[in-house]
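# Breakdown of the fold
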Amino acid sequence: MRLKVSAMQIKACIRTVCTSTRVDKSFAKWYQSLWQPKTNGPPYDHIVQLGDPVLRVPANPIPEKELKSPEVQYLVKHLVKVMRSYKCVGLAAPQLGLPLRAFVMEFKDDLRDQYTSADYKLREMEPLPLTVFLNPELKVLNYEKVTHTEACESVRGYRADVARYREVTVKGFDASGEPQELQLKGWPARIAQHEMDHLNGIVYTDVMHRKSFTCTCWQAVNANNGRIQLSFANK
């Protein structure tokens, strides 16, 4: 199943967030807004969780003529903002509620302190500057698969081992709507494959080694007699 999204719908969807205030000319609509519950619309400031239908449908390509539009540029900036606020290394548009083929990646060198030098080397980690892909296509260059632990902000509180291809090429458009192609290997290649899966309605739990699926805070749950709160916000 693919959700149909036209250029007009893209603009309408994103403009609801771009516009900070909106005055309804209709008195009836204004009056209803005083008592009707307010609902947030995408792109969200939070990351949607597994169970949200948007994570299970193939995302739609962004019409090429819209790649440089203010609305798409806003979406890119919002993806980067939310990715950094959650301190994750990649984020796809469906994770903010929009079934569009766009994702961002970034792996800063200061994250090196979170890993041992041996683990950093084993996972083939290397800094990845902020990278934006619109309408990306992925091609496998090295079919050897390597297994490492992954987590996802859309399955917050868990992690599992996942096998990924060692080397890939991603081709698409950058943040300015210009064509780009990157060859990635090791950890950056894993990030790209994880985000591409999101654009195809796939979550890492679909491809993980099932017995490795683990709650990241199980020890704290036991130590605190189960009194652990898991927040889905970025703070």
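Residues numbered from 1 in each chain as written. Predicted model: local features only at pLDDT ≥ 70, side-chain atom pairs only at ≥ 80, totals over all residues. Heavy atoms only, no water.

### Description of the pattern of salt bridges
Once the charged atoms of two side chains with opposite charge are near each other, the side chains can pair. One pass over the structure, following the stated rule, counts ten salt bridges. Beyond isolated ion pairs, a larger network of salt bridges with shared partners links E150, R164, R190 and D197. (Salt bridge = Lys/Arg side-chain N within 4 Å of Asp/Glu carboxyl O.)

### Topic: the environment of L91
Inspection of the secondary structure assignment puts L91 in strand 1 (residues 90–92). Overall, the relative accessible area of 0% leaves L91 in the buried class. The spatial distance from the C-alpha of L91 to the C-alpha of S154 is 9.7 Å, given a sequence separation of 63 residues. For L91, the residues in contact, after removing those within four places along its chain, are I47, L79, V82, M83, L96, F103, V104 and E195. (Helix = DSSP H or I, 4+ residues; strand = E, 2+ residues; numbered from the N terminus. Buried < 20%, exposed > 50% of the residue type's maximum accessible area, 1.4 Å probe, protein only. Contact = heavy atoms within 4.5 Å.)

### A word on unusual backbone geometry
For residues that are not glycine, phi is negative in most cases, and the peptide bond is trans in most cases. At the junction of P42 and P43, the peptide bond is cis and its omega measures out at 0° in the coordinates. Checked against the element boundaries, P43 lands in the loop between helix 2 (27–33) and helix 3 (70–86). Here the phi dihedral of E124 falls at roughly 55°; this positive angle occurs in a residue that is not glycine. Within the secondary structure, E124 is located in the loop between helix 4 (117–122) and strand 3 (128–151). Classification of E124 by relative accessible area gives partly exposed; the value is 29%. In this model, N225 sits at a positive phi of 55°, which is unusual for a non-glycine residue. Its location among the elements puts N225 in the segment after helix 6 (218–223).

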